[in-house]
Amino acid sequence: MAITAQMVKELRESTGAGMMDAKKALTETDGDMEAAVDWLRTKGLAKAAKKAGRTAAEGLVGVAVSGGTGVAVEVNSETDFVAKNADFQTMVTGFTQAALSVDDVEALKAADMGGKTVETTLQETIAVIGENMTLRRMAKISGDSVAAYVHNAAADGLGKIGVLVAVKGADNGIAKQIAMHIAATSPMALSEADLDPTLVERERAVQTQKALEENAASAKPKPDSVIENNIIPGRMKKFLEENTLLGQKFVINPDVTVAEAAKQAGVEILGFVRMAVGEGIEKEKEDFAAEVAKTLAG
């Protein structure tokens, strides 16, 4: 497979690796981007790349809480200019409130909003503003209480990152602090049990290969049993501590984990939602000259 400059650029941006290292990784893995990331990591040339970092779409995330239920809704727009539009913001707020009464995004599209469905309202707003918009997704969570937090707020309950945290027990403000922690650290899951087993095994494979290569290059190589029984378990423990909410060090008090902070506050974390605008979406790249030419061509 031909390795293009764009592929090298994308790999460099997602891993921080050097240009020649990125090119070699792609060559070694026949252009497989995920495999190239793993190859770089086994060589100690990159950290784990998070797909959530590939944010290209614009828009807003809305969050709302009613009683023990919280919802997060993402509505995309083509430009950030529209995301700052008051009419767009009012529409997203309306969609978010409507989401409190439904269970999924398809039901939300059919939900009533002032005598019109959400889908009809969206299409009418597209016609008025003249830019494509998409009601992309929603997430719902419940508990004894739910705390919400919006990062980079554009208006009340609207922003680029929306977080919900559901807890069991009397919340004394700890849930909001945990929501702020989640916005900053972006944990992959609540606990080890909630992580995708495929992801865990992939990480184990990367760490095993990396440890074996480091050991082979060592002046005093350790027995394979030490690698298998000590080094790999230690690295996997660190991976879980860094990527599961309950295992992470609490940003407000790094002396304790999030699980310990919740326990001290007398609550149990039941679950969380972290929704960032455009995560996982890659917008088609087009240089400015080509964009102008395309516009002039009609």
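Residues numbered from 1 in each chain as written. Predicted model: local features only at pLDDT ≥ 70, side-chain atom pairs only at ≥ 80, totals over all residues. Heavy atoms only, no water.

**What about the overall build of the protein chain?**
Okay, so step 1: Scanning the protein chain from N- to C-terminus turns up twelve helices and ten strands.
Okay, so step 2: Looking at the protein chain residue by residue over its 298 residues, the buried ones come to 40%.
Okay, so step 3: If you take every contact in the protein chain between residues at least 6 apart in sequence, the share linking residues at least 24 apart comes to 66%.
Okay, so step 4: Entry remark: accessible area of the protein chain is about 15900 Å², with carbon and sulfur atoms responsible for 52%.
Okay, so step 5: Side-chain charges of the protein chain comprise 33 positive and 43 negative groups, with the mean position of each set lying 6 Å from the other. (Helix = DSSP H or I, 4+ residues; strand = E, 2+ residues; numbered from the N terminus. Buried < 20%, exposed > 50% of the residue type's maximum accessible area, 1.4 Å probe, protein only. Contact = heavy atoms within 4.5 Å. Areas by Shrake-Rupley, 256 points an atom, 1.4 Å probe, with all protein chains shown as cover. Lys, Arg positive; Asp, Glu negative; His and termini not counted. Charge placed at Lys NZ, Arg CZ, Asp CG, Glu CD.)

**Observations concerning the pairing of strand β10 (residues 268-276)**
Okay, so step 1: β10 sits mainly inside the fold: seven of its nine residues count as buried.
Okay, so step 2: The pairing of strand β7 (residues 158-168) with β10 spans eight bridges and is classified as antiparallel. The residue bridging Ile161 from the neighbouring strand is Ala276, located in β10. (Pairing = 2+ DSSP bridges.)

**Examining the nonpolar core**
Okay, so step 1: Formed by 25 residues in total, the largest nonpolar core has its most connected members in Val75, Phe88, Leu108, Leu135 and Met138.
Okay, so step 2: At the level of secondary structure, the elements contributing two or more residues to this core comprise β1 (58-66), β2 (69-77), α4 (80-83), α5 (86-99), α6 (105-110), α7 (118-129) and β5 (133-142).
Okay, so step 3: Discounting chain neighbours no more than four positions away, the residues touching Phe88 are Gly59, Leu60, Val75, Ser77, Val82, Ala83, Ile129 and Met133.
Okay, so step 4: Core analysis: the second largest hydrophobic core is formed by 23 residues, Ala147, Ile174, Ile178 and Ala276 among them. (Core = buried A, V, L, I, M, F, W, Y, C linked by side-chain atoms within 4.5 Å.)

**Focus on the packing of helix α3 (residues 33-42) against helix α9 (residues 197-217)**
Okay, so step 1: The interhelical angle for the contact between α3 and α9, taken along N-to-C directions, is 35 degrees, at an axis separation of 8 Å. Along this stretch, α3 crosses α9, giving a crossing that reads as right-handed. Within the contact between the two elements, α3 uses Glu34, Asp38, Arg41 and Thr42 and α9 uses Arg202, Glu203, Val206, Gln207, Gln209, Lys210 and Glu213.
Okay, so step 2: A breakdown of the residues in the contact of α3 with α9 according to their chemical character gives one nonpolar, three polar and seven charged. (Axes fitted to C-alpha atoms, helices over the stretch in contact; angles between N-to-C directions. Left-handed = near helix turned anticlockwise from the far one by under 90°. Nonpolar A, V, L, I, M, F, W, Y, C, P; charged D, E, K, R; others polar.)

**Structural notes on the side chain of Glu279**
Okay, so step 1: Along the polypeptide, Glu279 turns up in the loop between β10 and α12 (288-296).
Okay, so step 2: Of the residues examined, Glu279 reaches a relative accessible area of 13% and is grouped as buried.

**Re the environment of Gly157**
Okay, so step 1: Here Gly157 is to be found in the loop between β6 (145-155) and β7.
Okay, so step 2: Taking the relative accessible area as the measure of exposure, Gly157 reaches 18% and is therefore buried.
Okay, so step 3: When the C-alpha positions of Gly157 and Ala2 are compared, they lie 46 Å apart, and in sequence the two are 155 residues distant.
Okay, so step 4: Gly157 has contacts with Val61, Gly62, Val63 and Val150, leaving out every residue within four places of it along the chain.

**Overview of the packing of helix α1 (residues 5-15) against helix α2 (residues 19-28)**
Okay, so step 1: Between α1 and α2, the least distance of the axes is 9 Å, while the angle of their chain directions is 110 degrees. Considering the angle they form, α1 stands roughly perpendicular to α2. Crossing of α1 over α2 shows right-handed handedness. Contacts between α1 and α2 involve Met7, Val8, Leu11 and Arg12 from the first element and Met19, Ala22, Lys23, Ala25 and Leu26 from the second.
Okay, so step 2: Classifying every residue of the contact of α1 with α2 gives seven nonpolar, no polar and two charged. (Parallel < 35°, antiparallel > 145°, perpendicular 65-115°, else oblique.)

**With respect to the pattern of salt bridges**
Okay, so step 1: Taken as a whole and judged by the stated rule, the model has 16 salt bridges.
Okay, so step 2: Close ionic contact of Glu203 with Arg41 constitutes a salt bridge, the shortest N to O distance being 2.8 Å. With Glu203 in helix α9 and Arg41 in helix α3, this residue pair connects regions lying 162 residues apart in the sequence.
Okay, so step 3: For Glu203, a relative accessible area of 6% gives the class buried. (Salt bridge = Lys/Arg side-chain N within 4 Å of Asp/Glu carboxyl O.)

**Focus on the side chain of Thr121**
Okay, so step 1: Locating Thr121 in the fold gives a position in helix α7.
Okay, so step 2: Exposure remark for Thr121: the relative accessible area of 12% places this residue in the buried category.
Okay, so step 3: Among residues more than four places away in sequence, those in contact with Thr121 are Met91, Phe95, Met113 and Lys116.

**Considering the domain arrangement of the protein chain**
Okay, so step 1: You can read the domains of the protein chain as domain 1 (3-50), domain 2 (56-190 + 244-274) and domain 3 (195-242).
Okay, so step 2: The C-alpha centroid of domain 2 is placed 33 Å from the C-alpha centroid of domain 1. (Domains from an automatic or database assignment.)

**Digging into unusual backbone geometry**
Okay, so step 1: Within the chain, Asp30 stands out as a residue other than glycine whose phi angle is a positive 55 degrees.
Okay, so step 2: Mapped onto the fold, Asp30 is located in the loop between α2 and α3.
Okay, so step 3: Residue classification places Asp30 among the partly exposed residues on the basis of a relative accessible area of 48%.

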